[in-house]
Amino acid sequence: MIEVQGLTKYFGSIAALQDATFSIEAGEIVGFLGPNGAGKSTAMRILTGFFPASRGEARIDGYEVHENPLEVKRRVGYLPENVPLYDEMTVKGFLTYVARMKGVARTQQAEELDRVMEKCGLRDMGKRTLHQLSKGYRQRVGIAQALTGSPPVLILDEPTVGLDPGQIVDIRSMIKELGGDHTVLLSTHILPEVSMVCDRVIIISRGHIVAQDTMEQLTAAGGKTLEQAFMDAVASDRSSGTEETQ
Amino acid sequence: MTNTFAVCRREFASFFLTPIGYVIVGMFAAISGIAFVLSLFTFAKMSVEPTAYGFTTAPDFAETLLSPYLVFCGMLVMFLTPLITMRLLAEEKHRGTMELLLTWPLRDRDIIFGKFFAALGILITMMLVIAVHMALIGSITPFEPAVLLFGLLTVLLMGSAFISLGLFVSSVTRNQITSGTITFGISLLLYVVGNLGEKMPTANPAPPGWPEILRTFIGHAYALLRGLAMELSVDAHAGEMALGIVQPRDIAYYLLFTAFFLFLTFRAFESRNWRT
């Protein structure tokens, strides 16, 4: 469903992402794991067509993201990192707007709205203005926005950040439910989250992909915990990085 | 097309979900109302004793009241459009919603035209105030509908020129204050440059002692500069049109002005593909 080949992004002379290659099968839930500033958001923003890569190519459902932006955007639901919303609108007004933007047929808009609001626990929040919402509810609206139109691919940038423990559990179980019907790529720096939600993990550090494997493979090899596997992977990148500079 | 309309609708509605729409339309109503009353008083005085104002007969209604009033409204639009346009794209970038717009299945043109028409919608709302004034006059004295029609067209064309300029500035800034200030500055600059053009002497400024070829060159360059200064001015093309004397070049001026800045806005959008 998602194929990424040698993806590289420079901001000035700084490489935010270097030669990233991975692929994700339809129906998989894959976690993007990495320290802050590792290049997770950069990779996601390229996949969603927010900005183009400096080099390399990324395909979603066979469409190259830069060459067929509309086809790609129709297939992707995206939750940006800081959950930007039109603060002056109501929850329902905003989601109606999103449905319109995503080309949901007029006759199905009401139904679609009910579906995503139900799924994200926003049923009684329709009349609330977005700027009054707590961080947790903003996050839910952001996810509802991504789900609207039922795109086959979901790209969620840190979907559980800033939520209380109860909400985290809710959102995680929601994401698990979405797998199967949807291909989900989510980013996080919370290790246990990945083991709970994802089928497969891509560990990224300083712009490089340092490991990618199923949960079992990563941890079972040598009976390591995910923490150890993560630290090892990140450390191996650090040491190879210093060798290069020497 | 439906997407353009949806963007436009949300943008227009958000003007009135926040105070800004009411403030702009309200200010326009107050200021244009006072201007209308003032020009009406002046016209009444002129009609009572036309000789005191240098007229031999009762002054022409369109020339002494309608046209100056509509041109004034056009200038008022110039002062108010930065307030309309400063938020159009700068705000989207500032609060991050640009990331939503650019990752939804929209074309650049849906976003740009949607925003442009929303701002134009605010302008038309403002012009409803002018329509009220015109209806008031119409109830007192009959006048040529063509004058009114082209007068309103003048305001609309001037407004769309300023809006396209503001939209472009908004597309290259993140901060609304910066966006509004630059738009206002450029608008005002285009206004005063016309006054400068009128004051520039027509004679070739090069000293007579200089070689002929150099003099010719400077003469042409100067004439071009002077012509530009006079023709670029935004109000130079408004006065006659507001009188109902419509010349294609005046309409073309505003349409080209608008098209040029819309074109630049498209380029600014595309720049995200190569800028790092």
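See the structure printed just above.
The text that follows walks through the structure, step by step, so that each part is easy to find. (Residues numbered from 1 in each chain as written. Chains lettered and ligands numbered in written order. Predicted model: local features only at pLDDT ≥ 70, side-chain atom pairs only at ≥ 80, totals over all residues.)

## Thoughts on the pairing of strand E3 (residues 29-33) of chain A
All names here are of chain A.
Link 1 in the chain: Taking burial as the measure, the 5 residues of E3 include 5 buried ones, the bulk of the element.
Link 2 in the chain: Residues of E3 alternate between two faces, with Ile29, Gly31 and Leu33 on one and Val30 and Phe32 on the opposite face, all of them buried.
Link 3 in the chain: Two strands pair when backbone bridges link them, and E3 and strand E8 (residues 183-188) are joined in this way by 5 bridges, in the parallel orientation. Its bridge partner being in E8, Val30 is matched across the sheet by Leu185.
Link 4 in the chain: Sheet topology note: the E3/strand E9 (residues 200-205) ladder contains 4 bridges and is parallel. Looking at E9, one finds that Phe32 is bridged to Ile202. (Buried ≥ 20, exposed ≤ 12 C-beta atoms within 10 Å, placed from the backbone. Helix = DSSP H or I, 4+ residues; strand = E, 2+ residues; numbered from the N terminus. Pairing = 2+ DSSP bridges.)

## Considering unusual backbone geometry
Link 1 in the chain: We note that Asp61 of chain A has phi near 55°; this positive angle belongs to a residue other than glycine.
Link 2 in the chain: The exposure class assigned to Asp61 of chain A is partly exposed, which follows from the 17 C-beta atoms found within 10 Å.

## Considering helix H3 (residues 61-85) of chain B
Link 1 in the chain: End to end, H3 of chain B covers 34 Å across 25 residues, agreeing with the expected 36 Å (1.5 Å per residue, within 8%).
Link 2 in the chain: Considering bend angle alone, the principal kink of H3 of chain B is centred on Phe79 of chain B and spans about 35°; proline Pro82 of chain B follows within four residues of it. (Expected span 1.5 Å × (residues − 1). Bend = angle between axes of the 7 residues up to and from the residue.)

## Some words on the sheet that holds strand E1 (residues 2-11) of chain A
All names here are of chain A.
Link 1 in the chain: Spatially, 4 strands are ordered E2-E1-E4-E5 in an open sheet, and the strand pairing comes out antiparallel. The sheet is open, and its two borders are formed by strand E2 (14-24) and strand E5 (63-64), each paired with just one other strand.
Link 2 in the chain: As paired elements, E1 and E2 share 7 bridges and run antiparallel to each other. Bridge pairing links Tyr10 to Ala15 in E2.

## Description of the interface of chain A and chain B
Link 1 in the chain: Each partner contributes residues to the interface: chain A has 24 residues there, and chain B has 19 residues.
Link 2 in the chain: Sorting the residues of the side of chain A that touches chain B by element identifies E1, helix H2 (69-75) and helix H3 (91-101) of chain A as the ones contributing at least two each.
Link 3 in the chain: Here the residues of the side of chain A that touches chain B are counted per class, giving 14 nonpolar, 5 polar and 5 charged. (Contact = placed C-beta atoms within 7 Å. Nonpolar A, V, L, I, M, F, W, Y, C, P; charged D, E, K, R; others polar.)

## Let's talk about the sheet that holds E8 of chain A
Residues and elements named next belong to chain A.
Link 1 in the chain: An order of E6-E7-E8-E3-E9-E10 is seen for the 6 strands of this open sheet, with the pairing classed as mixed. Of all strands in the sheet, those with a lone pairing partner are strand E6 (76-79) and strand E10 (208-214), marking the two edges. This sheet shows a mean twist of 15° between the axes of neighbouring strands, independent of strand direction.
Link 2 in the chain: Where strand E7 (residues 153-157) meets E8, 5 bridges bridge the pair, whose relative direction is parallel. The partner of Leu156 across the bridge, within E8, is Leu186.
Link 3 in the chain: Its contacts with the sheet put helix H1 (residues 40-47) on E3, E7, E8 and E9, and the angle it makes with E7 is roughly 150°. (Axes fitted to C-alpha atoms, helices over the stretch in contact; angles between N-to-C directions.)

So far we have only geometry, and geometry alone does not tell us how the molecule works.
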